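Chain and residue survey
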Amino acid sequence: MMKMNSFKVIGFTCLSFAIVLTGCSSTKTAEPAAGTTAPAASTAAATKAPEPAKSGEKITVNFWNPFSGNDGPFMKKIVDNYNKSQDKYNVKMTIQPSGDYYKLLDTAIATKKGVPDVAIMHLDQTPTYIAKDLLQPLDEVAKSVGVEKSNFPAATVDYSTKDNKWYSIPLDIHPLIMYYNKDLFAAAGITAPPTNRQEFVDAAKKLTDPSKGIWGAAMPTFWIQNFLFPTVLFQNGGSFLDEKGNIAYNSPAGVEAVTFMRSLTTMKVSPPTVAADGDFNLFQQGKSAMHFNGPWAKDAFDKAKVNYGVAQVPQLGTVKQAVFGGSHNFIIPKSTTDAAVLAGVGDFLKYVSSNSIDWAESGQAVASKVVRDSAAFKAMTQQQTEVAKEFDYVQFAPKVLNWGPISDSIWSELANALQGKKDPKAALDDAAAKSTIAMNKK
């Protein structure tokens, strides 16, 4: 725990890293960046320990999530199966548009109208909502149904714990991964995906074929840089914040990361310019051999019938292996006070913790150890098990208030650097200055 200059810090951990909302969009890749600020704290009374529903009653539990993309049907299947599995509770699922999700949630909380009983929240959003006293601790609910912290990766549990109170139960962890075109790899005589920078560059050069319009790796200029830049930054031994909580991504580690990414264009293994979603489209069309994205991209590539493989992100940095990731979590708003409804929420969360294999079908590596240890999950060798391997070194966003607005300036300046419009150092310095201003706003 540490303090930042005129800014409240909930804590900082090197195993804390998530910048944007991910995996919930109706677009091809993922949803736009987070940055909404939670409203003033609710004055709801303290909640009671959950009680079982009375015999013969069917309690409605309102559940919100932002899974408005390809992942929505997978969560619907979980909810439908839960509702069929028992006759005490009925979970009513509402999918809100991913881009407006937090605005809608904030409005509901502020007006006290239509507030969900349980909802999905991205891990990096929880510090702000916890600080504003909008979430209730889950300890009693979890204990009453036998949901144990030990069933989930410690990094996620620690991130949403404050003053020894646990505020969110993780559904998944979604780190950056690398997709590669098996047909193009075979044609180039490459038998395995690269594991480090040199192997990556060598493969990209072999895979690039200008006569066929094929690129070794289309370097994204815009979206997914929100995952790729921090991944290389951390692999270089850098971080977003220094030990005193000041902006630090414009360090030599950050500059080296941007310089390397830009170099793929000058090496001519990546197109000179890549429009938004351009890297995604090229991979889907078989015109790019290696592509960075999140687990949520699986469904789109399956439908496009791309013969792809999935691998852990190579160590593109110079110091260590690391990967940026996010996490979808279940939270209970503080306004959920009805004991019978809380019992239903607990029962639903207990079900999901043991039956999230359907969520894994979407391409995600689920957080529940019980599910990851199951034979059904271990049989998912195409992607999910590869994603789970990155859990050992995944890092999330700095555990600070309003990280979205603080980090917003990074992405536009990074685009300038990657398009050759600005020197990498100058771009990161300009971004850091804006982040510092945003950080010091009260």
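Below is a summary of the structure that appears in this document. Since the structure is predicted, the reported quantities are computational estimates derived from the model, not experimental observations.

The element strand β1 (residues 59-65) is largely enclosed, with a buried count of 5 among its 7 residues. Where β1 meets strand β2 (residues 89-95), 7 bridges bridge the pair, whose relative direction is parallel. Note that in β2 the partner of Asn 62 across the bridge is Lys 92. Taken together, β1, helix α1 (residues 72-85) and β2 constitute a β-α-β crossover, and its handedness is right-handed. Sheet topology places β1 next to strand β3 (residues 118-122); 2 bridges connect them, and they run parallel. The residue bridging Phe 63 from the neighbouring strand is Val 118, located in β3.

On to the environment of Pro 333. You can see Pro 333 is positioned in the loop between β13 (328-331) and α12 (339-355). Judged by relative accessible area, Pro 333 falls into the buried class, the value being 2%. A C-alpha to C-alpha distance of 9.2 Å links Pro 333 and Asp 133, two positions 200 residues apart in sequence. Apart from the residues within four sequence positions on either side, Pro 333 is in contact with Val 115, Pro 116, Asp 117, Val 118, Leu 134 and Gln 136.

Tracing the backbone through its elements, the reader meets Pro 424 in helix α18 (residues 424-440). Separated by 10 residues in the primary sequence, Pro 424 and Leu 414 have C-alpha atoms spaced 7.7 Å apart. Pro 424 has contacts with Val 255, Val 258, Thr 259 and Ala 417, leaving out every residue within four places of it along the chain.

Once that is clear, we can look at the sheet that holds strand β11 (residues 308-311). Across the sheet, which stays open at both edges, the 4 strands sit in the order β9-β10-β8-β11 with mixed pairing between neighbours. Every other strand in the sheet has two partners, leaving β9 (215-217) and β11 as the edge strands with one partner each. Here the strands of the sheet are splayed against their neighbours by 25° on average, with no regard to which way each runs. For strand β8 (residues 177-181) and strand β10 (residues 288-293), the ladder comprises 4 bridges, and the chain directions are antiparallel. Residue pairing across strands places Tyr 179 opposite His 291, the latter belonging to β10. Set on the sheet, helix α7 (residues 197-207) makes contact with β8, β9 and β10; between it and β10 the angle comes to about 135°.

Moving on: the pattern of salt bridges. In total, this model carries 13 salt bridges according to the counting rule given. Between Lys 303 and Asp 299 there is a salt bridge whose closest N-O contact spans 3.0 Å. Of this pair, Lys 303 and Asp 299 both sit in helix α11 (residues 298-303), 4 residues apart, which is roughly one turn of that helix. Judged by relative accessible area, Asp 299 falls into the buried class, the value being 15%. Lys 422 is the salt-bridge partner of Glu 413, the closest N and O atoms lying 2.9 Å from each other. Look at the salt bridges and you will find they share partners, linking Glu 413, Lys 422, Asp 430 and Lys 434 into a network.

Cut-offs and rules
- In every chain, residue numbers begin from 1 and rise along the written sequence.
- Restriction of local features to residues with pLDDT of at least 70 applies here, the model being predicted, together with a cutoff of 80 or more for giving and counting side-chain atom pairs; totals for whole chains, interfaces and linings are based on all residues.
- Side-chain figures throughout are based on the complete set of non-hydrogen atoms in the structure, without hydrogens or water.
- Any residue under 20% of the maximum accessible area for its type is buried, any over 50% is exposed, and the rest in between are partly exposed; the area is computed with a 1.4 Å probe on protein chains only.
- Numbering of helices and strands runs from the N terminus, with a helix taken as a DSSP run of H or I at least four residues long and a strand as a DSSP run of E at least two residues long.
- In this scheme, strands are said to pair when DSSP sees at least two bridges between them.
- Convention used here: a crossover is right-handed provided that the path from the first strand, over the helix, to the second strand proceeds clockwise when the strands point away from the viewer.
- Pairs of residues are marked as contacts when any of their non-hydrogen atoms sit within 4.5 Å.
- For every element, the axis is a line fit to its C-alpha atoms; helices are fit only across the contacting stretch, and the angle between N-to-C directions ranges from 0 to 180 degrees.
- By salt bridge we mean one thing: a side-chain nitrogen of Lys or Arg within 4 Å of a carboxyl oxygen of Asp or Glu.

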